[in-house]
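# Structural overview
So you can see what is in the structure, the chains are spelled out below.
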Amino acid sequence: MCGIVGYIGNKKAVPVLVNGLHCLEYRGYDSAGIAVLENNKIVVKKDKGRVANLDNMPGINDLEASIGIAHTRWATHGKPSMENSHPHMDNSNQFAVVHNGIIENYNELRAFLTEKGYHFLSQTDTEVIPNLIHYHYTKGVDCEDTFLGAIHAAVNDLKGSYALEVISNLFPDRVVVVRKDSPLVLGKGKEENYVASDIPAVLAYTKDFYLLEDNEYAVVYQDHVQFYDSNLVEHVKEVKVIEWDATAAEKNGYEDFMLKEIHEQPMAIRETIKNRLNLGEKCLFKDLAITKEYLQSLNKIYIVACGTAMHAGLVGKDAIEKLCKIPVEVDIASEFRYRDPIIDEKTLCIYISQSGETADTLAALKLAKRKGAKTLAVTNVIGSSITREADYTVYTYAGPEIAVASTKAYTSQVVLLTVLAVYFAELLGSYEEAKLEELKTEISGLPAKLETVLEEEKTLKDIAEKIYTEHDMYFLGRGSDYHVAMEGSLKVKEISYIHSEAYASGELKHGTIALIENGITVIGVLTNPELTPKSISNIQEVVSRGAKTLVVTNQDLANVSFDYVVRIPETNSLISPILSVVPLQLLAYYISKTKGLDVDKPRNLAKSVTVE
Ligand code: M6R
């Protein structure tokens, strides 16, 4: 939800800022803007619409400034418009601010400032911040660095979440930043420093990063950075070297990030299981200090997440329950956090989040900690907020996921949860060793089988071109096939704007079958031989009512006739979702393409949902 970039150094700021925004556009794309210090004046260029509008905005490329801040917006307060675009300035035009997050008490602050004679040009919550800074600056602050002091005083007035960057023509040699519940990293260069909402945005320039903590301030100069805690006590911070490849966040010849990421799934799985799963040996999670005694003490595991990550949790539940014999409950983070769940020290709470920044997931984690449970984060982003809150972290190594629609993160999460379940089962001795070894062999074989599934791309493209004009679609499955159906349905909804629903196959005739009529598309996932006859009967029921059917299966269904069948390789049913979801991802992708939509940046969405 909103991306921010900052730069101070020895080169022109504008290209760095605009390139960074292009990388962060997945976080929001309602409007974009920059503010730079040019000849000791703040110059702002901004407009509604995509970051590309900045590329050749009149005058922007003539700006020589080497200090600036930038923003790409996902609108919360106020519709996308020039006035509501960031950066925002105070009434005296001395302070410019970009903000990611939400200021919950902005109405009160606005009333307070209005009474003091300030006026507002936008409907945003953010515009109170530069004016509050100006208010405290002119009133006077008890701090040697009056710029930092004024920002600190203003921040103390704020309720909500924020990652902020501030520049001022009164202090042309620095950018001041602070964060709370919204991500922010600093990239350290030679005679230059960078600020960004995430690492890939500036990874092309440096691999040395400072990961800012909640309530931490940084005053960023060209040649050094000073860090302060929430009381403005200065401290020293360690640099973290990020070994990602900068090109991992580029399209590498693919038309869209989503398609690239779908194709990266074999590699993502290989990386995620590497060093953790070795055949003939016990699984290994090096930094996970979980003991057999602790696992034995558990009476419940919760898996909590949002969207696709929650769908991965549903698949993970099956593996943990089957292999470890511990009851698992899966919940949506935004529900869990407000429903007073029964949790104590005998509960392990697992939180899944690709970004590690999802507001509801973080709040749900903090709740479990307060109730005395241990928390385990499953995330893809190194150093993300969730890793700093959780007792334990295990990473998926899927590489940066840029497309808003999650694909490789999902399959990596499912494989990681399965390996974790095997690891727990080995510690507990809760499942037959030979069977665990068989499962491990199947997991090791997944990347090769995924390559085979990806060969069905052309078939899925052809099917998509036949069904892309549909208004409704239904996805059916039983057991983990149902969980995959849920994920397939979400993919279709979010990138092709077709209404779709997922149903447990047996549930359809308890109401929803009334909606099935001639020509409607029903997509069935059938990978569990024990459940296949039942699922086939359910699909026959919709065929008799005129539905067109697409079936994704790992079985020979020669005796039954469906309109389209996509065959995938067989594997253990605990991990079949990793294979069966891929045709659904490809289908959603090609429906969206055929409709001419922006696959990577679907309307109304953003990659990380850092607001409630
Ligand atoms: O970063 P997270 O995994 O916490 O994100 C959770 C959801 O917002 C995310 O999975 C969302 O549902 C995807 N856009 C779906 O493709």
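Please refer to the structure higher up on the page.
Below is a short write-up of the structure.

### What about the packing of aromatic side chains?
Counted according to the given criterion, the structure contains 14 aromatic pairs. On the numbers, 5.2 Å between centres and 50° between planes, the contact of Y7 with Y194 is tilted. With Y7 in strand β1 (residues 3–8) and Y194 in strand β10 (residues 193–196), the pair connects residues that are 187 residues apart, well separated along the chain. Under the relative-accessibility criterion, Y194 is labelled buried at 0%. Ring centres of F147 and F171 lie 4.8 Å apart, and the angle between their planes is 5°; this geometry places the pair in the stacked category. Pair noted here: F147 is in helix α5 (residues 146–157) and F171 is in strand β8 (residues 171–180), with a separation of 24 residues, a long-range link. Each member of the pair F147 and F171 is classed as buried. Through pairs of rings, three or more aromatic residues link up here, namely F95, Y137, F147 and F171. Between R603 and the ring centre of Y497, over which it is positioned, the NZ or CZ distance is 3.9 Å.

### A look at the site of the ligand
Among the 15 residues in the neighbourhood of the ligand, the closest are listed as S353, Q354, S355, T358 and E494. Take S353: an N or O atom from its side chain is 2.6 Å from an oxygen atom of the ligand. Between the ligand and the protein, one listed contact pairs an oxygen atom with a side-chain N or O atom of K491 at 3.0 Å. When contributions to the shell around the ligand are tallied by element, the ones reaching two or more residues are α9 (307–324) and α17 (480–496). Each residue belonging to the shell around the ligand can be placed in one class, and the counts come to 6 nonpolar, 7 polar and 2 charged.

### With respect to the pairing of strand β3 (residues 41–48)
Where strand β2 (residues 31–38) and β3 come together, 8 bridges link them in antiparallel fashion. In the strand pairing of β3, A35 is matched with V44. The turn linking β2 back onto β3 is made up of 2 residues, and N39 within it adopts a positive phi angle of 50°.

### Description of the pattern of salt bridges
What the rule picks out here adds up to 31 salt bridges. Across the pair K593 and D256 runs a salt bridge whose closest N-O atoms are separated by 3.0 Å. Of this pair, K593 sits in helix α19 (residues 576–594) while D256 sits in the loop between β15 (240–241) and α6 (257–263), and the two are 337 residues apart along the sequence. Its relative accessible area of 8% is what places D256 among the buried residues. Across the pair K458 and D462 runs a salt bridge, and its minimum N-O distance is 2.9 Å.

### Overview of the sheet that holds strand β21 (residues 472–477)
Strand order in the open sheet formed by 5 strands is β22-β21-β23-β24-β25, and the pairing between neighbours is parallel. The sheet is open, and its two edges are formed by β22 (499–504) and β25 (564–567), each paired on a single side. When the angles between neighbouring strand axes are averaged without regard to direction, this sheet yields 15°. Bridge analysis of strand β23 (residues 521–526) against strand β24 (residues 548–553) gives 6 bridges, and the strand direction is parallel. Considered in β24, the bridge of T521 is made with K548. Against the sheet, helix α16 (residues 457–467) makes contact with β21, β23, β24 and β25, and its axis sits at roughly 155° relative to β25, the strand it touches most.

### With respect to the environment of E442
With respect to the helices and strands, E442 occurs in helix α14 (residues 433–444). Put simply, E442 and M82 are 360 residues apart on the chain and 54 Å apart in space, counted from C-alpha to C-alpha. Those residues in contact with E442 that sit more than four places away from it in its chain are K449, E570, T571, N572 and I575.

### What about the sheet that holds strand β6 (residues 95–103)?
Across the sheet, which stays open at both edges, the 7 strands sit in the order β5-β6-β7-β8-β12-β13-β14 with antiparallel pairing between neighbours. Because the sheet does not close on itself, it has two edges, and the strands there are β5 (88–89) and β14 (234–235). With 4 bridges joining them, strand β12 (residues 216–220) and strand β13 (residues 225–228) adopt antiparallel strand pairing. Paired with A218 across the bridge in β13 is F227. On top of the sheet, helix α4 (residues 128–139) reaches β5, β6, β7 (160–168) and β8; it is set at about 125° to β6, its chief contact. Lying over the sheet, α5 contacts β6, β7, β8, β12 and β13, oriented at roughly 25° with respect to β8.

Calculation criteria
- Residues numbered from 1 in each chain as written.
- Predicted model: local features only at pLDDT ≥ 70, side-chain atom pairs only at ≥ 80, totals over all residues.
- Heavy atoms only, no water.
- Phe/Tyr/Trp six-rings, centres within 6.5 Å; stacked < 30°, edge-to-face > 60°.
- Helix = DSSP H or I, 4+ residues; strand = E, 2+ residues; numbered from the N terminus.
- Buried < 20%, exposed > 50% of the residue type's maximum accessible area, 1.4 Å probe, protein only.
- Lys NZ or Arg CZ within 6 Å of the ring centre and 35° of its normal.
- Near = heavy atom within 4 Å.
- Polar contact = N/O pair within 3.5 Å; in protein donor to acceptor, adjacent residues only side chain to side chain.
- Nonpolar A, V, L, I, M, F, W, Y, C, P; charged D, E, K, R; others polar.
- Pairing = 2+ DSSP bridges.
- Salt bridge = Lys/Arg side-chain N within 4 Å of Asp/Glu carboxyl O.
- Axes fitted to C-alpha atoms, helices over the stretch in contact; angles between N-to-C directions.
- Contact = heavy atoms within 4.5 Å.

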